[in-house]
Amino acid sequence: AGTAPFNIVKAQTGKLKIGSIHPRSGFQAQLGIACQRGIDLAPKVLQQIGIKADVEIMNADTESNVDVARARAEKLINDGANVLIGAFDSGQSAAIAQVAEQKGVPYIINVAAAPQITEQGYKFVFRNFPTAPMLVGDGLNLMKGVFEKSGITPKTAVFMHVNDTFGQAMAGAIKAMAPRFNLPFQIVETISYDPQAKDLSVEIAKAKATGAELLMPVTRLNDAILMVREMVKQRWEPKIVMSPGAPGFYEGQFYKTLGKFSNYLLTNVPWYNPRSGMTQKLLDEFTKSYKGELFELNVGFSFEAVMVAVMAHNAAKSTAGAALADAIRKTNITDHVMAGGPLQFDAKGQNVNIKSVTLQNLDQRPKVVLPLDIAEDNLTLPLPSWQKRA
Amino acid sequence: MPADLILTVAVQGILTGLVYGLMALGLSVIFGVVRVVNFAHGEMMTIASYAAIVAFSAWNIDPLISMIPIAVLLFALGYAMQSVLINPFINRPEHSQFILLAAVAIIMVNGLLMIFGPDARNVLVDYALDSIEVGPLLIDKVRVITAVLALVITSGLFAFFKLSRTGKAIRACADNHLGALVIGLNIKHLYALTFGIGSAIVGAAGAMMTLLIDTTPNIGPVFTLQAFVIVIIGGLGSMPGALLGGVLIGLSEAMSGLFFAPSAKTMFGVAILILVLLFRPQGLLGRKA
Amino acid sequence: MSSLVLKDLDVFYGDAQALDGVSLEVPQGSIVAIVGANGAGKSTLIRTIAGIETPRRGQISYKGAQIGGLPSYKVCNLGIGQVAEGRQIFPSLSVMENLEMGALLPRARGKEKATLEEVFQLFPRLAERRDQLAGTMSGGEQQMLAIGRCLMGQPDLIMFDEPSLGLAPAVVQEVFRIIRLLHEKRGLTVILVEQNVAVSLKLADHAYVLENGRIVMQGSGQDLLHDDRVRQAYMGL
Amino acid sequence: MSATPLLAVTGISKSFRGLRAVNQASLTVPQGGIVSLIGPNGAGKTTCFNMIAGVFNPDEGSIMFGDRSIAGLRPDQICHAGIGRTFQIVKPFKELTALENVIVGALRNETSTRAARKKAEGVLDQLGMLDKRDQPAAQLTLPERKRLEVARALATDPKLLLLDEVMAGLRPTETDQMVAVFRDLNRKGLTILLIEHVMRAVMALSQHVVVLHHGQVIADGAPEQVVRDPAVLECYLGEEAEV
Amino acid sequence: MIARLLDGVPKRALVLLGLLLAFLLVAPLFVGNYILSVLILVLYFAYTGQAWNVMMGFAGQLSLGHSLYVGLGAYTAAALYVHFGIGPWVGVWIAIIISMAAGLVIGFLAFRFGIGGVYFALLTIAFAEFTRVGFDHFMWVNGSGGFFLPVTQYSMNDPLNLRGSPMMFYYILLAITVLAFIFCRWLLTGRIGYYWLAIREEPEAAQTLGINIFRYKMIAVAISSGMTALSGVFFAFYYNNLFPEQIFSMNRSIELILGPIIGGVGSLFGPILGAFVLTALAEALNDIMVALGYELPGVKLLFYGFCLLAVVMWLPNGIWPPLRKWLKLEDRS
Ligand SMILES: Nc1ncnc2c1ncn2[C@@H]1O[C@H](COP(=O)(O)OP(=O)(O)OP(=O)(O)O)[C@@H](O)[C@H]1O
Ligand SMILES: Nc1ncnc2c1ncn2[C@@H]1O[C@H](COP(=O)(O)OP(=O)(O)OP(=O)(O)O)[C@@H](O)[C@H]1O
Ligand SMILES: [Mg+2]
Ligand SMILES: [Mg+2]
């Protein structure tokens, strides 16, 4: 239905046109640009590791806006994109998914955690990123590991989360799943704050007053910075600060801004496998191209999305949507960048093998401390006093 | 709930509120005279913040000092904006002015985005994370400094408008455009001056703000909205009103954050706004038109 | 000596021409009346002299200097004051503040106190109401305020645009008395635009008749007062 | 004069922040009459009008229209009761044409816009403004706008018309024309209460004159009688009054 | 009634209007999916702009919080559909009622207390913000987590449930827009139109001519909010996911009113023209940027800002009045 009779007949073979669609302006610009870096590096790195990458990348900017995301997706497809990759944000991704599905163009979501997107019955939509429940499940599991390894078992915890789409998805998942995990602590207070908050002093004062030993934050970058700063000012030192799977603590800006105060904070999050050879290649190339920028998960997942598309193209030897989608569904990449099992998609198009790691900020950069088989450094707890830091 | 917690939060709320008030003051001054609602208010403040950040990162100048040249810079920007862009719009309908300034805001945001990129930037002075202990209370040092400065600037401005010749002439212009022409006031200059003064205040506030929060090109609208809320609560055009409004908002946000859901605290500010508009539309300290 | 000389003035509002080749002279220390029907362009003429409208063509000189195209604040500061049509007071400022505003011109600085006394003498009502918001005063009171405010600026030449409009007959007489007084006692030059043609011609040394933006007739006040055409068209006689 | 006057104002007062603008003023307008309200500037004439027309609530006193009390009604309700008014400081609908301005008034009693248009044209014609029908009100001169005020009010078919200085700024010849128009309307049954400083019009039109001073009625009677009243001469007309 | 609608409309205008409609009717057959989706956006903004224009352009009440009505409409219809299986064509009435109720509450509060101008505008923003934060916590529709409508493969169109291809959405929206145009013309040429304009121009004078200004302002708010709710319903079923942060945001309110302001406030054709111009401009800019290979984020919006600026500077009443003059169509439409 709905296709125009005079539409150009699409080329069935040849170069794979990948439409990369991210929020590169507007309030999510920072993250969209990080994703874009992973995409831009991909063809070169893939060639280097011997994967034929006959691709052309077409870029589009969603302006952090759902309507625009949808229109840009239409435009990319109209201009001949064979695969779409994007879009960091759940709302925008959901809008793009519909367009892709309708036009029969495979869409690989690199980052976006709202579980509903892969529950809506799409045939052309794939996601190489965990859903919020997956994130939380992994996050809680790793927590137990952290307690065990450090020998510190908190009795009380405060859960603080940003009240946006992502924060609420995470809060929902924690509420639903925590009972099943037999956690040693009790959540004595849940504090949610507005994503546009410019000041978290009240929130921290409130949290401090509970005397909790564990702080579990679900943040974005800016509020993560605000939060830690406020903790320093109010001299609140819980034994452990550990994010169950949210951005913020491991981002470049976080380290730049907070310096020594960024250290020892923990995040359980899907991450690149530092032991993987492919990761090293990508990392080298990244450092060369973007001096001073931090290599993090958005870059990794975006790179992998291109890899999936490229390998599917190589396998299908076609750029036709259905053939590509079939090939993507059959994806099975054991050696890749992100930690976890082989890169595969289930019937709903969800990669279920992604595994989180525990990151700890040490020397002002994120280091994998758990699981031990890929750990880069040792876990250091409890959180040292703010004022005594050198 | 422990009393010292409540007290700490209240004090913090009031201090923050004073800085909010200063920020809103710029909007109020401009509206009070030029009768133009500056929808690019938050964006101008963002420009000031970036100026402070550049001054700090390039020459290591403390924002509390760079504040002065930045205020001058913003004064020039405001003066120019009024004389070139806004002046032809003085007698146009509100929606037309609104679009003009919305367009200016779009240009500013995206200009900043192009120049500075989307990353959050900030200024880290060595006292940024210090606190002052007052009995059982732990008060943020930066907030105390900025709040005091906000009070000083407001008083200065107040005196200017009430006592100085130019200040009074500006008020006359606001009242009757043609009347001012008839008695030989240089309206264009006075309006531009006002816009400049309002912008200079915004500039000072923006520089200070870098000590409290991180700056991204997109934070403008939030501040614009907040400034509106404050100014309307206090009374558009009333200078003490802006401070009062700021304090009320700061305090109500702090208290509602403490006693209710922090994520809903902006609702309380808006709720106060709605109540004020309904029962005292001219604002708490505003004069009836 | 002529203090104000207009030569071949053309003024437009958009495409519509309001003044068409207007030339006139106002001798120093005289009263010049300008009469004409509604919409003839009298107010436009005054606004143009005051620098509020810009002429498209023609020259205006005052005391020998070219002032055409100067902004209004400069013109005012040369000593050309006006009591505008519709009064144009500052409604939300007090009477006192309104008067102060009149004295902001550089040329009036330092003389505020004395002038204020004088104004209050002329208009005791203003002294009574000094703290009332000007906008809440009656039409007549506002007219007095407008004149008072203009005087605060120390003008040498005052242009009155329909000063009697909407005033009670006694006040109208009072206004004309004051105009004459200002003229005689202070030697002010006066340009008077009035619907009350009979009175203004009686008062005037010289008068011009404006029709559709053109000067169609001129002469001494007395001559025009007895001119049949004028009597018929403007005085209903 | 008929038994019940059309408008009977008894003892109304109004204060603004301590200033007593109208003080126990009373006046009556008989059915079919023309009454003038005169007095020095600031005497409270417009304020009286505003109370009759529902803009202000009188602090005290009663206003009867026929046998109905109208004090405290809203302006639109006053209009529905049958009183039309003009504003001293004119308030035209600037972006609408002269005709459209009058149509708004005419819709008060007409059910269709077509009928209203027809009626509005009639009213404009009556006031000699038909040639200005398609000009936006913003482009009219002040006297024209004053006439537009009258036309708009007339189009609502009032029983009583309140005119606030509609002759100001007119040349004597034009004043005479307006006087003729009002005489004509009056002959057709319209009752008029007017505020005017132009004595030429007051003398020519009114059957009865009320003089207000400091918010109080100081004289009330036939025109010739009132203009000779020493109090009126002193406070309003001036000694050397030439009418 | 038809006679009244056509009263005073020049023949040329009718012909041009007919041509435009014919063009819009056949356009989907000739354009690709992308252009079609752009046209949908155009119609969407044209319709919503028209709805806003009733309040601002006709009755003179500046609302900067129209996203409130879009959001309420969208959430109501979507929630009814998801939770109770009530289809959009039933849900839309409830959505309209709820939006109208919200509009009437705001209107009542504001107009009873004599709030107007800038103050009214800011009150509308305040209410929209208030509602946004409220919906962030309204778990029945999943709070800030976002509310998702089920999406299925579009194998066939189901207009009854508003499920189907863009083509279907296009024609439905076209029909709605045309009806709204006629409806507004009908309003504007009638008693209510004259009364609104009078209130817009000079409320005090309007009142002395017997107009109950409170009532007519309330009617304007009710009609405008109700019409806007419909656009929200459409939004919900077209995009299938709703986030309070986006649908109630101030940016959306601004986006909605740019069209009519650029096109020409108070005219019937202004909102439509404005929607065309703005959407086309946005798309064209995008193409130009891509063609130039200019990748700096922000450039496009920057340019957009300059274009807006140019329009307001040099065409104070929007594009339509001068265009109308040029087309020699002297009528208010
Ligand atoms: N701001 C304006 N814009 C457009 N036209 C104007 C403007 N002001 C005046 N006009 C027009 O210019 C002409 C001259 O107007 P002006 O006000 O000078 O007349 P006037 O002689 O003072 O009349 P009146 O006795 O009514 O005051 C009139 O036709 C008037 O409609
Ligand atoms: N809204 C108001 N607030 C305060 N004072 C007012 C208000 N309206 C009128 N007044 C005062 O009430 C008095 C009477 O005013 P009003 O307008 O009724 O006078 P008027 O007789 O119509 O005079 P004029 O002939 O000059 O129009 C004046 O002194 C005026 O200053
Ligand atoms: Mg004039
Ligand atoms: Mg009066």
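The structure under discussion appears in the preceding block.
In this report, the structure presented in the accompanying data block is examined. Since we're looking at a predicted model, the values are computed, not measured.

Reading the values: rules and limits
- Residues numbered from 1 in each chain as written.
- Chains lettered and ligands numbered in written order.
- Predicted model: local features only at pLDDT ≥ 70, side-chain atom pairs only at ≥ 80, totals over all residues.
- Heavy atoms only, no water.
- Near = heavy atom within 4 Å.
- Polar contact = N/O pair within 3.5 Å; in protein donor to acceptor, adjacent residues only side chain to side chain.
- Areas by Shrake-Rupley, 256 points an atom, 1.4 Å probe, with all protein chains shown as cover.
- Nonpolar A, V, L, I, M, F, W, Y, C, P; charged D, E, K, R; others polar.
- Core = buried A, V, L, I, M, F, W, Y, C linked by side-chain atoms within 4.5 Å.
- Buried < 20%, exposed > 50% of the residue type's maximum accessible area, 1.4 Å probe, protein only.
- Helix = DSSP H or I, 4+ residues; strand = E, 2+ residues; numbered from the N terminus.
- Domains from an automatic or database assignment.
- Contact = heavy atoms within 4.5 Å.
- Buried area = accessible area lost by both parts, 1.4 Å probe.
- Salt bridge = Lys/Arg side-chain N within 4 Å of Asp/Glu carboxyl O.
- Donors = N, O, S within 2.8 Å, 3.2 Å for Na, K, Ca; no water.

This part covers the site of ligand 1. Around ligand 1, the surrounding shell holds 15 residues, and the nearest of these are Gly39, Lys42, Ser43, Thr44 and Glu85 of chain C. Flanking ligand 1 are residues from chains C and D. Contacts to ligand 1 include Glu85 of chain C, whose side-chain N or O atom sits 2.6 Å from an oxygen atom. One of the side-chain N or O atoms of Glu162 of chain C is found 3.2 Å from an oxygen atom in ligand 1. Isolated, ligand 1 exposes 640 Å² of accessible area, and the fraction of that covered by the protein chains is 67%. Taken together, the residues of the shell around ligand 1 sort by class into 5 nonpolar, 7 polar and 3 charged.

This next bit is on the nonpolar core. Leu4 of chain C, Phe182 of chain D together with Trp196 of chain E are the most contacted members of the largest nonpolar core, which has 334 residues in total. Here this core takes 18 residues from helix α3 (residues 33–58) of chain E, the largest share from any one element. Taken domain by domain, the makeup of this core includes at least three residues from each of domain 1 (1–82 + 159–242) and domain 2 (90–157) of chain D. In contact with Trp196 of chain E, other than residues within four places in its own chain, are Val54, Phe58, Ala59, Leu187, Tyr216, Ile219, Ala220 and Ile223 of chain E. Grouped together as the second largest cluster of nonpolar side chains are 90 residues, Leu16, Val55, Val310 and Leu379 of chain A included.

Contacts between chain A and chain E engage 44 residues on the former and 43 residues on the latter. Between chain A and chain E, roughly 3800 Å² of surface is buried when both sides are summed, and carbon and sulfur atoms account for 46% of that area. Our count for the chain A to chain E interface comes out at 2 salt bridges. In this structure, Arg132 of chain E engages Asp194 of chain A in a salt bridge whose closest nitrogen and oxygen atoms are separated by 3.9 Å. The interface formed by chain A and chain E holds 7 residue pairs in polar contact (both at pLDDT 80 or more) in total.

Residues in contact with ligand 2 amount to 21 residues; listed here are only the nearest, Thr136 and Met137 of chain C together with Asn41, Thr46 and Thr47 of chain D. At the site occupied by ligand 2, nearby residues are drawn from chains C and D. Contacts to ligand 2 include Glu141 of chain C, whose side-chain N or O atom sits 3.4 Å from an oxygen atom. A distance of 2.6 Å is found between an oxygen atom of ligand 2 and a side-chain nitrogen or oxygen belonging to Thr46 of chain D. Considering ligand 2 on its own, with 630 Å² of exposed area, one finds that the protein chains cover 87% of that surface.

Turning our eyes to something else, we now look at the coordination of the magnesium ion (ligand 4). Residues and elements named next belong to chain D. Looking at the magnesium ion (ligand 4), one finds its protein donor set to be Thr46 (OG1) and Gln88 (OE1), positioned 1.9 to 2.1 Å from the metal centre. Residue Thr46 is found in helix α1 (residues 45–52), and its partner Gln88 is found in the loop between β6 (83–85) and α3 (98–106); the two are separated by 42 residues along the sequence. The class of Gln88 is partly exposed, set by a relative accessible area of 21%.

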